[in-house]
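# A closer look at the structure
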Protein chains: 2
Amino acid sequence: MDFNLLRGLITPAHTKIVMLIMDGLGGLPLDEGGKTELETARTPHLDALAALSALGLSEPVGPGITVESGPGHLAIFGYDPLQYRIGRGVLEAVGLDIDLGPSDVAARGNYCSVDAAGVVMDRRADRIANDVSRELSKLLTTKIEDIEFLVETVREHRLAIVLRGPGLGSAVTSSDPQKNGLPPLQIQALKPDSEKTARLLNQFVERSRNVLAAYPSKQPANMILIRGIDHYPDLPLFPQLFGLRAAAIAVYPTYRGIARLVGMQVLPVVGGSFTDEFSTLEMNWNEFDFFYLHIKDTDLAGEDGDFARKVSIIQEVDSLIPRLIALKPDVVIVSGDHSTPAALKGHSWHPVPTLVYGRYVRADGIAEFGERACGHGSLGTLPANHIMPIALANALRLAKFSA
Amino acid sequence: MDFNLLRGLITPAHTKIVMLIMDGLGGLPLDEGGKTELETARTPHLDALAALSALGLSEPVGPGITVESGPGHLAIFGYDPLQYRIGRGVLEAVGLDIDLGPSDVAARGNYCSVDAAGVVMDRRADRIANDVSRELSKLLTTKIEDIEFLVETVREHRLAIVLRGPGLGSAVTSSDPQKNGLPPLQIQALKPDSEKTARLLNQFVERSRNVLAAYPSKQPANMILIRGIDHYPDLPLFPQLFGLRAAAIAVYPTYRGIARLVGMQVLPVVGGSFTDEFSTLEMNWNEFDFFYLHIKDTDLAGEDGDFARKVSIIQEVDSLIPRLIALKPDVVIVSGDHSTPAALKGHSWHPVPTLVYGRYVRADGIAEFGERACGHGSLGTLPANHIMPIALANALRLAKFSA
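One structure accompanies this document, and this report is about it. (Residues numbered from 1 in each chain as written. Chains lettered and ligands numbered in written order. Predicted model: local features only at pLDDT ≥ 70, side-chain atom pairs only at ≥ 80, totals over all residues. Heavy atoms only, no water.)

## Topic: the overall build of chain A
Scanning chain A from terminus to terminus reveals 14 helices and 14 strands. Rg of the C-alpha trace for chain A: 22 Å, near the compact-globule value of 22 Å for 403 residues, within the 12% margin. Overall, chain A is about 65 × 50 × 40 Å in size when its C-alpha atoms are taken along their principal axes. Here chain A, with 403 residues, has 60% of them falling under the buried criterion. Across chain A, the fraction of contacts at a sequence separation of at least 24, relative to all contacts at a separation of at least 6, is 74%. Counting only carbon and sulfur atoms, one obtains 51% of the accessible surface of chain A, whose full area is about 15,700 Å². (Helix = DSSP H or I, 4+ residues; strand = E, 2+ residues; numbered from the N terminus. Rg over C-alpha atoms; globule rule 2.2 N^0.38 Å. Buried < 20%, exposed > 50% of the residue type's maximum accessible area, 1.4 Å probe, protein only. Contact = heavy atoms within 4.5 Å. Areas by Shrake-Rupley, 256 points an atom, 1.4 Å probe, with all protein chains shown as cover.)

## Quick word on the environment of Glu37(B)
Residue and element names in this part refer to chain B. Here Glu37 lies in helix α2 (residues 37-40). For Glu37, a relative accessible area of 0% gives the class buried. With 269 residues separating them along the chain, Glu37 and Asp306 place their C-alpha atoms 9.8 Å apart. Here Leu28 takes part through its backbone nitrogen, which lies 3.1 Å from a polar atom of the side chain of Glu37. (Polar contact = N/O pair within 3.5 Å; in protein donor to acceptor, adjacent residues only side chain to side chain.)

## Overview of the relation of the copies chain B and chain A
Overlaying chain B with chain A gives an RMSD of 0.2 Å, the required rotation being 124° about an axis along which the chain moves by 0.4 Å. Each copy turns onto its partner about a three-fold axis. A different interface surface on each copy is seen, since only 4% of the contact residues of chain B are contact residues in chain A too. (Least-squares fit on C-alpha atoms with pLDDT ≥ 70 in both.)

## Quick notes on helix α6 (residues 130-140) of chain B
Working note: α-helix, 3.6 residues per turn, so residues spaced by three or four point in the same direction. Residue and element names in this part refer to chain B. Three or more residues of α6 are buried, namely Ser133, Leu136, Ser137 and Leu140. Viewed along the axis of α6, the buried residues span an arc of 105°, placing them on a single side of the element. Along α6, the residues that are exposed and aim more than 90 degrees away from the buried face are Asp131 and Lys138. Contacts made by the buried residues of α6 are with β3 (105-114), β5 (142-144), β6 (147-155), β7 (158-164), α7 (195-214) and β8 (223-231). (Arc of directions from axis to C-beta.)

## A short note on the interface of chain B and chain A
Taken together, the 27 residues of chain B in the interface contact 31 residues of chain A. Among the residues of chain B in contact with chain A, Arg362(B), Lys400(B) and Phe401(B) are the three that bury the most area, contributing 34% of the side total. Counting the contacts that link chain B with chain A gives 0 salt bridges. The interface formed by chain B and chain A contains 8 residue pairs in polar contact (both at pLDDT 80 or more). Elements with a contribution of two residues or more to the side of chain B that touches chain A: α1 (3-9) and α14 (387-394) of chain B. The greatest single-element share of the side of chain B that touches chain A, amounting to 4 residues, is contributed by α14(B). Grouping the constituent residues of the side of chain B that touches chain A by class yields 17 nonpolar, 6 polar and 4 charged. (Buried area = accessible area lost by both parts, 1.4 Å probe. Salt bridge = Lys/Arg side-chain N within 4 Å of Asp/Glu carboxyl O. Nonpolar A, V, L, I, M, F, W, Y, C, P; charged D, E, K, R; others polar.)

## Description of empty space enclosed by the protein
Residue and element names in this part refer to chain A. For the structure on display, the rule yields 1 cavity of 30 Å³ or more. By volume, the largest cavity is sized at about 30 Å³. Lining the largest cavity are 10 residues, and of these Pro71, Leu74, Tyr84, Arg85 and Ile86 lie nearest its centre. (1 Å grid on protein atoms, 1.4 Å probe; cavity = no way out; pocket = protein on both sides within 12 Å on 5 of 7 lines; lining within 4 Å. Points joined across faces, edges and corners; volume = space filled by probe spheres on them.)

## Notes on the pairing of strand β12 (residues 331-335) of chain B
Residue and element names in this part refer to chain B. Within β12, 5 of the 5 residues are buried, which leaves the element mostly enclosed by the surrounding structure. Neither face of β12 is exposed, since Val331, Ile333 and Ser335 on one face and Val332 and Val334 on the opposite face are all buried. Judged from the 5 bridges that link them, strand β1 (residues 17-22) and β12 form a sheet pairing that is parallel. Opposite Met19, over in β12, you have Ile333 as the bridge partner. Note that β12 and strand β13 (residues 352-358) share 4 bridges and pair antiparallel. Its bridge partner lying in β13, Val331 is registered against Gly358. (Pairing = 2+ DSSP bridges.)

## Here's the deal with a nonpolar patch on the surface
On the surface, Met1(A), Leu5(A) and Phe401(A) cluster together into a nonpolar patch covering about 290 Å² of accessible area. Residue position: Leu5(A) is located in helix α1 (residues 3-9). (Patch = residues over 30% accessible without salt bridge, like charges linked within 9 Å, V, L, I, M, F, W, Y side chains within 5 Å.)

## Some thoughts on the sheet that holds strand β11 (residues 290-295) of chain B
Residue and element names in this part refer to chain B. With respect to topology, 8 strands assemble into an open sheet ordered β10-β9-β11-β1-β12-β13-β2-β14, the strand pairing being mixed. The sheet terminates laterally at β10 (265-266) and β14 (380-383), the two strands that pair on one side only. Looking at chain direction, strand β9 (residues 246-249) and β11 are connected through 4 bridges and run parallel. The partner of Ile249 across the bridge, within β11, is Leu293.

## Describing the packing of helix α3 (residues 44-51) of chain B against helix α12 (residues 307-326) of chain B
For any two helices packed against each other, the geometry is given by the interaxial angle and the distance between the axes. All names here are of chain B. Contact pair α3 / α12: the axes reach a minimum separation of 7 Å and the direction vectors enclose 50°. Classified by the angle their axes make, α3 and α12 are oblique. Every residue of α12 that contacts α3 at Pro44, His45, Leu46 and Leu49 is listed here: Asp318, Ser319, Ile321, Pro322 and Ile325. By residue class, the composition of the contact of α3 with α12 is 6 nonpolar, 2 polar and 1 charged. (Axes fitted to C-alpha atoms, helices over the stretch in contact; angles between N-to-C directions. Parallel < 35°, antiparallel > 145°, perpendicular 65-115°, else oblique.)

## Description of the packing of aromatic side chains
For the structure on display, the rule yields 22 aromatic pairs over all chains. Plain terms: the ring middles of Phe3(A) and Phe242(A) are 6.4 Å apart, the flat faces sit at 90° to each other, and that makes the pair edge-to-face. Taken as a pair, Phe3(A) in helix α1 and Phe242(A) in helix α8 (residues 238-242) lie far apart in primary sequence, 239 residues in all. Across the pair, Phe242(A) and Phe3(A) agree in class, each one buried. Ring geometry for Phe238(B) against Phe242(B): centres 4.9 Å apart, planes inclined by 75°, an arrangement best described as edge-to-face. Of this pair, Phe238(B) and Phe242(B) both sit in helix α8 (residues 238-242), 4 residues apart, which is roughly one turn of the helix. Take Phe242(B): its relative accessible area is 1%, and that puts it in the buried class. Through pairs of rings, three or more aromatic residues link up here, namely Phe3(A), Phe77(A), Tyr79(A), Tyr84(A), Phe238(A), Phe242(A), Phe290(A) and Tyr292(A). (Phe/Tyr/Trp six-rings, centres within 6.5 Å; stacked < 30°, edge-to-face > 60°.)

## A look at the nonpolar core
All names here are of chain B. Phe77, Tyr79, Phe238, Met264 and Phe290 are the most contacted members of the largest nonpolar core, which has 65 residues in total. Considering each element in turn, this core owes the most residues, 6 residues, to α14. Not counting residues up to four positions away in its chain, the partners in contact with Phe238 are Phe77, Tyr79, Gly243, Leu244, Ala246, Val262, Met264, Phe290 and Met388. (Core = buried A, V, L, I, M, F, W, Y, C linked by side-chain atoms within 4.5 Å.)

## Notes on the side chain of Arg123(B)
Residue and element names in this part refer to chain B. Within the fold, Arg123 resides in the loop between β4 (120-122) and α6. Among the polar contacts listed, one links the side chain of Arg123 to the side chain of Asp176, at a separation of 2.8 Å. Leave out the neighbours within four places in its chain, and Arg123 touches Asn110, Tyr111, Cys112, Asp176, Gln178, Lys179, Asn180, Leu225 and Arg227.

## Observations regarding the sheet that holds strand β2 (residues 53-59) of chain A
Residues and elements named next belong to chain A. The strand order across the open sheet built from 8 strands is β10-β9-β11-β1-β12-β13-β2-β14, with neighbouring strands paired in mixed fashion. Strands with a single pairing partner mark the edges of an open sheet, and in this sheet they are β10 (265-266) and β14 (380-383). In this fold helix α10 (residues 274-283) packs onto β1 (17-22), β9 (246-249) and β11 (290-295), with an angle of close to 175° to the strand it touches most, β11.

## Details of the pattern of salt bridges
Within this structure, the stated rule accounts for 42 salt bridges over all chains. Here Asp97(A) and Arg260(A) are joined by a salt bridge, their closest N and O atoms 2.7 Å apart. Remark: Arg260(A) occurs in helix α9 (residues 253-261) and Asp97(A) occurs in the loop between α5 (88-95) and β3 (105-114); sequence separation between them is 163 residues. Lys196(B) is the salt-bridge partner of Asp146(B), the closest N and O atoms lying 3.0 Å from each other. Placement of the pair is Asp146(B) in the loop between β5 and β6 and Lys196(B) in helix α7, with a sequence separation of 50 residues.

Listed below in structure tokens is the structure:
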């Protein structure tokens, strides 16, 4: 979407939009000719909503392209993920409420296990326990020359590493070989302005290895891997761009981080269940025009290859849909940021089932929310960043275009 | 598709992709409300494959745009035909195994018949016999100033003309009036660097007219028409671009030429039947990751307006599908480079029925391969150059996109 076009059309209104994102929603049948997770799930409320909705299949970046959560979310928030790129390190740091400044550089770290020869045996250090991980991260936090290295555990083996100080470029390579059985790589500068960053990151990795080796208790992490090194991105902010008081309801740090990056207000969720997220929606209903509500567990089940659990999570979310509808939202979007079929145990390129409901939506009259049903919908196969303009229009928030 | 994006995502895999192209596959009913050629054909094997596939309708260039074989093929090979343009002359020359250099210029020629006033009466010289055509082409081969003119018969009236020597631009107009009843046009330079080319081509046409007039035996060709003048294109090569050892199985020179242009290895086909092409596929199965298999006769039948023959050729191809499936390809694409409805006796703009089969394809469950069935498929109406990324993804040959 052309943001300059949209900006000129944004019109105030007293309408409310809810975007319900089930992470990794799209799936695949386990057996040839079978049903996907979403098709298998009994979803009477989503099916009833589908009957009053326009359906389609959304693609975050393009045909055949599998995405990480960052680009997947930027797309559903209306941004072109190829134009606006955010390093994973920034996502992790912002998700932890670390207040990044424009000259800070952030990286994603992994605790890992290497063998005596330095070869990575487990990129996730056996998913090290949170408390041990936090303990280690405190020890890794340091200062090298004039640069502070702030290390914080996201969850298990996952780290956010923030470099703070003068003269830091972010054009450097990653140290993560991306698969087990290979040694970590030296970090290299891709531009002259990033040579200091590369040099100090390599020193930081070396120091971390020594610290981990000297750690008194037995634990699986004896090395770290670094990737996704980036500065804070220069993004037009979602609330200004679309003229929406926008709130985010998410439990996982990464998604809270993405929402904060685009300027949404991230609401506290007391407890961490789906029900708690819907309660947060209800409690804050009067204060915002737009709610992004994120369900993580669909993706986790998909990543684990657990078809039945993904089905059951979808059913659980379905059971909460009446609470959403009771709020009388003007527009509801139900979609995902990408597909995560249990059959593939990971993110995939398959287009994501998408539903747009509203008083003025031209409904397709298909009373089923599923991949094949959405494939027959009038939204067709659409770029995910088209969803926001469609939602805004249906919320009567876009003026007429003339020359 | 953004080639820079794709290049960064290409991942090695041990999967095999077969792209079966029935030239001019798309059709039209002869009578209002009737069935197309493909819908009329009994295609039990393609229908069974369709049931396990994602279906759609592909457009080589855009809505309403009819293409020649060159751009049609570039699109199915993943290139944007508006960005990458190849003159017909280059296609014809490369199809004849003429080794074109970067400073050579190639043109497509036609033998034609003109009347006493020089008006074109038959742009194809009554489809002059191959042996006569070859005899004449030898006589037209010449040198003017420092430029060699190599003339070779493609088939019947169709010629490849290669200009070799210093200082040749390719920005010149065509001499072909494109219809009977008009005189040939003077060739004109469109840029200063192409003035020599225009001047010498006009001299070459004049000389050719004199040679043909002086030819002792009676034959219909007394003039030539020239079009499609171009240099060898600067294309990223298919095998490097997509990380595929790619082979082409085609009988007709033009298609062998296009495949060679994009860097595919063109396999010899002993005999010229469909069966021989499938045998070539089987014999070379272990040596390549990607096979382009081209069937020409669907297009020829369409061009001739022979609906029944096109139906029968499609049925013949269908009967060979079990041999393809027996090889256990990971991904199969069945499509065409454009439509050639018998009802129109020529290429047309109609989107082309397209099927993508594979273990990880999210199948639409539509057990029919036909235009209307494909119109209901989840691939929707898609640009033809999206087919390759979709095939690569389904062959697990694309990594995840992050920032």
